[in-house]
Amino acid sequence: MAPQDKDTPPPLPEPLRVPVADSHTHLDMQETTVEEALAKAASVGVTTLVQVGCDVNGSRWAADTAAAHERVHAAVALHPNEAPRIVLGDPDGWSRQRARRAGGDAALDDALGAIDALAARPEVRGVGETGLDYFRTGPEGVAAQQRSFRAHIEIAKRRGKALVIHDREAHDDVLRILREEGAPDRVVFHCYSGDAAMAKTCAAAGYFMSFAGNVTFKNAQPLRDALAVAPPELVLVETDAPFLTPAPYRGRANAPYLIPHTLRAMADVKGLTEDALASAIAENTARAFDY
């Protein structure tokens, strides 16, 4: 692929015959209007989107956007990497909120209070993305991440919302904390990243596993092995757009309208027809997010 192609949006895929939902997207990070993104997605059979917040401002935007658009549902949370930035500070302004001073536990409590208030809104169907990320945050951030994750689990249970989990290089601790706290009725592992053994553990607990465009990558055989053993009634599909663009467009910006590429690759792995998997995913997503 020539470098200049990186800036060219991929073409529209062949539409799905059975409409599905993108269970995890970040419209606020995509170079488009909400209306354009919805229209483009709907034109290929992606008729529902779950817009996911990563901080207080993004979560408020998600809730407001869902309130304004019938086909958008919101999830609200502090991303695992946001919690240490609030507590310990973010001197280099790596996140979108520029440099910040350390706020300590009190600042984290304030932010969690704001998320809790947003989680009460009817258009908010999930508490997430929360969880643990040991890839981006060093050992000094683990305590803040785990405290934040436990608080989000409590909010999800009290508010009766799905828990949307971001789990990066932290599988054992994520599963342990879910056991210790008691998981909510509906748990979604967004951008599922575990192996087949973990997929069996998640299935036994009734956790949903949402697969993203990286399931199409050449080096992702362990992910495909996990998908192969995941029960069809617990599988979701997502973009995590603008990230994780499926093959053959890896390296370009992702968007909800590219879901058909991922879904078709998943159907191949599952040995299901495209329509059968799409029907299951549509039903699963509605059940997971209670819409």
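Heads up: the structure comes first, above all this text.
Right, let's walk through the structure included here. As the structure is a prediction and not an experimental result, all values here were calculated from the model.

1. Some words on helix α8 (residues 221-229)
Here α8 has its buried residues at Leu 223, Arg 224, Ala 226 and Leu 227. Buried positions in α8, seen along its axis, are confined to an arc of 155 degrees and lie on one side of it.

2. What about the environment of Gly 103?
Tracing the chain through its elements places Gly 103 in the loop between α3 (82-88) and α4 (104-119). On a C-alpha basis, the gap between Gly 103 and Val 229 in space is 43 Å, while along the polypeptide they are 126 residues apart.

3. Some thoughts on the sheet that holds strand β1 (residues 20-25)
Pairing is parallel across the open sheet formed by eight strands, whose spatial order is β1-β2-β3-β4-β5-β6-β7-β8. Both outer strands of the open sheet, β1 and β8 (235-237), are each paired with one neighbouring strand and no more. Across this sheet, the average inter-strand angle for adjacent strands is 30 degrees, counted without regard to direction. Note: β1 against strand β2 (residues 46-52), four bridges, orientation parallel. Counted as the bridge partner of Thr 25 is Gln 51 from β2.

4. Here's the deal with the nonpolar core
One recurring pattern in soluble globular proteins is that nonpolar side chains are buried together. Formed by 71 residues in total, the largest nonpolar core has its most connected members in Phe 149, Leu 178, Phe 189, Tyr 192, Phe 211 and Met 266. With six residues, the single largest contributor to this core is α4. In this view, Phe 211 contacts Tyr 192, Leu 223, Ala 226, Leu 227, Val 235, Leu 236, Val 237, Glu 238, Thr 262 and Met 266; residues no more than four positions away in its chain are not counted. Counting 11 residues, the second largest nonpolar core, distinct from the first, contains Val 50, Ala 162, Leu 234 and Leu 236.

5. Some points on the pairing of β2
Burial analysis of β2 places six of its seven residues in the buried class, which makes it a mostly covered element. As a crossover connection, the stretch from β1 through helix α1 (residues 34-42) into β2 is right-handed. Where β2 and strand β3 (residues 72-76) come together, four bridges link them in parallel fashion. Across the sheet, residue Val 50 finds its bridge partner in β3, namely His 73. What joins β2 to β3 is helix α2 (residues 56-68), and the crossover it makes is right-handed.

What counts, and at which threshold
Residues numbered from 1 in each chain as written. Predicted model: local features only at pLDDT ≥ 70, side-chain atom pairs only at ≥ 80, totals over all residues. Heavy atoms only, no water. Buried < 20%, exposed > 50% of the residue type's maximum accessible area, 1.4 Å probe, protein only. Helix = DSSP H or I, 4+ residues; strand = E, 2+ residues; numbered from the N terminus. Arc of directions from axis to C-beta. Pairing = 2+ DSSP bridges. Axes fitted to C-alpha atoms, helices over the stretch in contact; angles between N-to-C directions. Core = buried A, V, L, I, M, F, W, Y, C linked by side-chain atoms within 4.5 Å. Contact = heavy atoms within 4.5 Å. Right-handed = clockwise from strand over helix to strand, strands pointing away.

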